[in-house]
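Below are the chains, spelled out letter by letter.
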Amino acid sequence: MLIMLPVVARGTEEILKMVPNHIREAGLALGIPRWKVILYILIPGVASMLVTVLMLSIARIAGETAPLLFTSLGNQYHIRNLNEPIATLPVQIYEFSKSGFEQMENQAWAGAMVLVLFIFFINFFTRISLFFYKKDRVKKKFK
Amino acid sequence: MEKLLVKVQNLSAGFFSTIVLKEINLEIPAHKVVALIGPSGCGKSTFLRCLNRMHEEVPGAEVKGQILLEDQNIYDKFIDPVLVRRKVGMVFQKPNPFPGLSIFDNVAVGLKLMGVKKKVLYERVETSLKQAALWDEVKDILKRQGTSLSGGQQQRLCIARALAINPSVVLMDEPTSALDPISTSRIENLIRRLKEQVTVIIVTHNMQQASRISDKTAFLLSGELVEYEKTSKIFTNPSERKTEAYITGRFG
Ligand SMILES: Nc1ncnc2c1ncn2[C@@H]1O[C@H](COP(=O)(O)OP(=O)(O)O)[C@@H](O)[C@H]1O
Ligand SMILES: [Mg+2]
């Protein structure tokens, strides 16, 4: 998950830059310190965009194999502490698919399926919860 | 004697050593409306933004001289601009409610972040919205987004937001230039009433507006203060040729 940080940070930065300057100035002119303007005024205005960035980053890192070969080093067994090499799904899929044994290749397909479903459900639940969140707001509007 | 709230002394300001304001001296009495007029680019916005230390938020901004607010120089080294801005509120040309925040939160957020208790919050929001002549229109829809209001309502919301933190001066930079005539006259009426609470310094391009709502008028021309007088005198019998030329529309 640490691999996600730069992507999320960049995305957040770009989105915050899109907020028009007069909104930032309005916050400062209210006598709100700069960091509070960002945290409590700019971020709520772009919350839904930030969720999208987060989702895209999760999807991206879940499929990112190459850096994991060097960082988590790949381990097929249970781990006792976090400093040991650790198993990751993308690396496992890669290893299994080139193994040549039919059973392992099948497992590679299963692993790929797990990855795809994982990403699918994360997106699915975010969309659903955003949908109900927005619906809730619309209802309140007309009460 | 009227009480002087703001004293501007030898104020010069600019960007990257281009001088925009030249040695401005002027005194602003408490509980009055002061209008600032002058052609585009003469430095009106820059002057306003010096008064709440927003000028320095722009890259390359420079300021010299001093501005006393209740006899305290707001440009003293140990003064925190954040605290100056709580005393001197600001309303911008374009209505700019905070997106993603409700009508209530737009007004409450300044107080909330200052640590004001929830109990007091509702009362203060109601008072501010009433002062901004918006309460009756929004009291049943406080949870709606601030950005869902009409332009004129948004501008009054911004006025309420500025008033909520209890400033002693409110700066307004052409607050009605983006609004229709009905919204404009509503805002003019509320500015006249605001004098009881605060001092208003308003930039306007509309001479009728200046004469309708202000007690004193300052005329700026290429960064210099040409004339600063009672509004009635400026508009009927200005001392300076340039002032007369400007208000009769011969230039600018
Ligand atoms: N951010 C900036 N950087 C450099 N120069 C600026 C900036 N903002 C304004 N100016 C210059 O300062 C002068 C005064 O601008 P301003 O105070 O906005 O005038 P007004 O509000 O009276 O139209 C103008 O000549 C303008 O070009
Ligand atoms: Mg201007």
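This text follows the structure it describes.
Residues numbered from 1 in each chain as written. Chains lettered and ligands numbered in written order. Predicted model: local features only at pLDDT ≥ 70, side-chain atom pairs only at ≥ 80, totals over all residues. Heavy atoms only, no water.

Novice: Explanation requested: the overall build of chain A in the structure shown.
Specialist: Each helix and strand counted, chain A has 7 helices and 0 strands in total. Mapped in sequence order, the helices and strands of chain A form the string α-α-α-α-α-α-α. Expressed as a percentage of the 143 residues in chain A, the buried residues total 29%. Taking contacts inside chain A between residues at least 6 apart in sequence as the whole, the part at least 24 apart equals 51%. For chain A, the exposed surface amounts to about 9,900 Å²; the carbon and sulfur share of it is 68%. (Helix = DSSP H or I, 4+ residues; strand = E, 2+ residues; numbered from the N terminus. Buried < 20%, exposed > 50% of the residue type's maximum accessible area, 1.4 Å probe, protein only. Contact = heavy atoms within 4.5 Å. Areas by Shrake-Rupley, 256 points an atom, 1.4 Å probe, with all protein chains shown as cover.)

Novice: Got a minute to help me understand unusual backbone geometry in this structure?
Specialist: For residues besides glycine, phi is generally negative; the peptide bonds are generally trans as well. Residues and elements named next belong to chain B. Despite not being glycine, Phe16 has its phi angle at roughly 45 degrees, a positive value. When you line up the elements, Phe16 lands in the loop between strand E1 (4–15) and strand E2 (18–29). For Phe16, a relative accessible area of 58% gives the class exposed.

Novice: Help me out: how do you make sense of the interface of chain A and chain B in this one?
Specialist: How big an interface is tends to be stated in terms of accessible area lost as the parts join. Taken residue by residue, the interface counts 20 residues in chain A and 26 residues in chain B. Between chain A and chain B, a total of about 2,100 Å² is buried, with carbon and sulfur atoms accounting for 65% of that surface. Run the count over chain A and chain B and you get 2 salt bridges. When the shortest N-O distance is used, the salt bridge between Arg34(A) and Glu57(B) registers 3.2 Å. For the side of chain A that touches chain B, the secondary structure elements donating two or more residues are helix H2 (21–29), helix H3 (34–45) and helix H7 (102–141) of chain A. (Buried area = accessible area lost by both parts, 1.4 Å probe. Salt bridge = Lys/Arg side-chain N within 4 Å of Asp/Glu carboxyl O.)

Novice: So what exactly am I meant to see when it comes to the sheet that holds E1(B) here?
Specialist: What holds strands together in a sheet is hydrogen bonding between their backbones, with the strands either parallel or antiparallel. Residues and elements named next belong to chain B. Across the sheet, 4 strands lie side by side as E2-E1-E4-E5; this open sheet has antiparallel pairing. Only two strands of the sheet have a single partner each, and these edge strands are E2 and strand E5 (72–73). Two strands pair when backbone bridges link them, and E1 and strand E4 (residues 61–69) are joined in this way by 8 bridges, in the antiparallel orientation. Bridging from a neighbouring strand, Val6 pairs with Leu69 of E4. Relative to the sheet, helix H1 (residues 44–51) contacts E1, E2 and E4, its axis offset from that of E1 by approximately 120 degrees. (Pairing = 2+ DSSP bridges. Axes fitted to C-alpha atoms, helices over the stretch in contact; angles between N-to-C directions.)

Novice: Whenever I open this one, the packing of helix H4 (residues 118–131) of chain B against helix H6 (residues 151–164) of chain B confuses me. Can you help?
Specialist: Helix-helix packing is characterised by the crossing angle of the two axes and by the distance between the axes. All names here are of chain B. The contact between H4 and H6 brings their axes to 8 Å, and the two run at 130 degrees. As far as their axial angle goes, H6 and H4 are oblique. Where H4 crosses over H6, the two elements pack in a sense that is right-handed. For the pair formed by H4 and H6, the contact residues are Arg124, Ser128, Leu129 and Gln131 on the first element and Leu157, Ala160, Leu163 and Ala164 on the second. Counted by class, the contact of H4 with H6 contains 5 nonpolar, 2 polar and 1 charged residues. (Parallel < 35°, antiparallel > 145°, perpendicular 65-115°, else oblique. Left-handed = near helix turned anticlockwise from the far one by under 90°. Nonpolar A, V, L, I, M, F, W, Y, C, P; charged D, E, K, R; others polar.)

Novice: Would you mind showing me how to read H4(B) here?
Specialist: All names here are of chain B. With 14 residues, H4 should reach 20 Å at 1.5 Å per residue; the first-to-last C-alpha distance of 20 Å fits that figure. Those residues of H4 that fall on the buried side of the exposure criterion are Leu121, Val125, Ser128 and Leu129. The buried residues of H4 occupy an angular sector of 95 degrees when projected down its axis, which confines them to one face. Opposite the packed face of H4, turned more than 90 degrees from it, sit the exposed residues Lys119 and Glu123. Taken together, the buried residues of H4 touch helix H3 (103–113), helix H5 (135–138) and H6. Following H4 by one or two positions, Ala133 adopts a phi angle in the positive range, close to 55 degrees. (Expected span 1.5 Å × (residues − 1). Arc of directions from axis to C-beta.)

Novice: Would you explain the sheet that holds strand E8 (residues 199–203) of chain B in this entry?
Specialist: Residues and elements named next belong to chain B. Read across the sheet, 6 strands follow the order E6-E7-E8-E3-E9-E10 without closing on themselves; strand pairing throughout is mixed. The open sheet is flanked by strand E6 (88–91) and strand E10 (224–230), the only strands paired with a single partner. Each adjacent strand pair in this sheet contributes to an overall mean axis angle of 20 degrees, direction not counted. The pairing of strand E7 (residues 169–173) with E8 spans 5 bridges and is classified as parallel. Looking at E8, one finds that Leu171 is bridged to Ile201. Against the sheet, H6 contacts E6 and E7, and its axis sits at roughly 170 degrees relative to E6.

Novice: What is the right way to look at the pairing of E1(B) in this model?
Specialist: Both faces of the sheet carry side chains from a regular strand, because those side chains alternate between them. Pairing geometry for E1(B) and E2(B), over 8 bridges, is antiparallel. Pairing of Leu4(B) across the sheet is with Pro29(B), part of E2(B).

Novice: Any chance you could explain H6(B) here in plain terms?
Specialist: Since the α-helix packs 3.6 residues into each turn, any two residues three or four apart lie on the same face. Residues and elements named next belong to chain B. The end-to-end C-alpha separation of H6 is 20 Å, in line with the 20 Å expected for 14 residues at 1.5 Å each. By the criterion of burial, H6 is predominantly enclosed, with 13 of the 14 residues buried. Immediately downstream of H6, the backbone of Asn166 shows phi near 65 degrees, a positive value.

Novice: Please clarify how the state of the cysteines should be interpreted in this entry.
Specialist: Between two cysteines, a covalent bond joining their sulfur atoms is known as a disulfide. As enumerated under the stated definition, the model contains 0 disulfides over all chains in all. Here Cys42(B) is not disulfide-linked; the sulfur of Cys50(B) is the nearest cysteine sulfur, at 13 Å. (Disulfide = S-S within 2.5 Å.)

Novice: Explain the environment of Pro238(B) to me, please; I cannot follow it from the model alone.
Specialist: Residues and elements named next belong to chain B. Position of Pro238 relative to the elements: it lies in the loop between helix H9 (231–236) and helix H10 (241–247). When the C-alpha positions of Pro238 and Tyr228 are compared, they lie 9.5 Å apart, and in sequence the two are 10 residues distant. Beyond its immediate sequence surroundings of up to four residues, Pro238 is in contact with Glu227, Lys233, Thr243, Glu244 and Ile247.

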